Amino acid sequence: MMLRLTLNRPEDADLLEKAVDTALAQAQGPRISPKPGARKLSTAEMGDAVLSALEKVVGKEREHA
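This report concerns the structure included in the present document. Just so you know, these numbers come straight off a predicted model, no measurement behind them.

Cut-offs and rules
- Residues numbered from 1 in each chain as written.
- Predicted model: local features only at pLDDT ≥ 70, side-chain atom pairs only at ≥ 80, totals over all residues.
- Heavy atoms only, no water.
- Helix = DSSP H or I, 4+ residues; strand = E, 2+ residues; numbered from the N terminus.
- Buried < 20%, exposed > 50% of the residue type's maximum accessible area, 1.4 Å probe, protein only.
- Salt bridge = Lys/Arg side-chain N within 4 Å of Asp/Glu carboxyl O.
- Expected span 1.5 Å × (residues − 1).
- Arc of directions from axis to C-beta.
- Contact = heavy atoms within 4.5 Å.

**Overview of the environment of Lys40**
Here is step 1 of the chain: With respect to the element layout, Lys40 can be found in the loop between helix H2 (10-27) and helix H3 (43-64).
Here is step 2 of the chain: Taking the relative accessible area as the measure of exposure, Lys40 reaches 67% and is therefore exposed.
Here is step 3 of the chain: Placed 13 residues apart in sequence, Lys40 and Ala27 show a C-alpha to C-alpha distance of 8.8 Å.

**A closer look at the pattern of salt bridges**
When the charged atoms of two side chains with opposite charge come close together, those side chains can pair.
Here is step 1 of the chain: Under the criterion given, the structure shown has four salt bridges.
Here is step 2 of the chain: Overlapping salt bridges bring together Arg4, Asp14 and Glu17 as one network.

**Thoughts on H2**
Each α-helix winds once per 3.6 residues, and so residues spaced three or four apart point in a common direction.
Here is step 1 of the chain: Across its 18 residues, H2 extends 25 Å between first and last C-alpha, which sits within 8% of the 26 Å expected from 1.5 Å per residue.
Here is step 2 of the chain: Buried within H2 are the following residues: Ala13, Leu15, Ala19 and Ala23. Seen end-on, H2 carries its buried residues on one side only, within an arc spanning 160 degrees. Opposite the buried face of H2, by more than 90 degrees, sit the exposed residues Glu11 and Asp21.
Here is step 3 of the chain: Among the structural elements, helix H1 (2-6) and H3 are those in contact with the buried residues of H2.

**As for unusual backbone geometry**
Here is step 1 of the chain: A positive phi angle is found at Asn8, which is not glycine, with a value near 55 degrees.
Here is step 2 of the chain: Residue position: Asn8 is located in the loop between H1 and H2.

Read these as layout, nothing more, since geometry by itself doesn't imply function.
Printed below as a string of structure tokens:
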């Protein structure tokens, strides 16, 4: 929300949202109803997963530009 509403950077907000969605899908971490046997991630691990996904999302965006 800060990127979108306060800093007026909607494109960056979109990239970050895609990265979070990607990280959640790959990590299968903290969710409302995690898959049976899924390991819960720490905050640091989830942050690392989001950063890794953000690098991939940004790379894909640059390829399409």
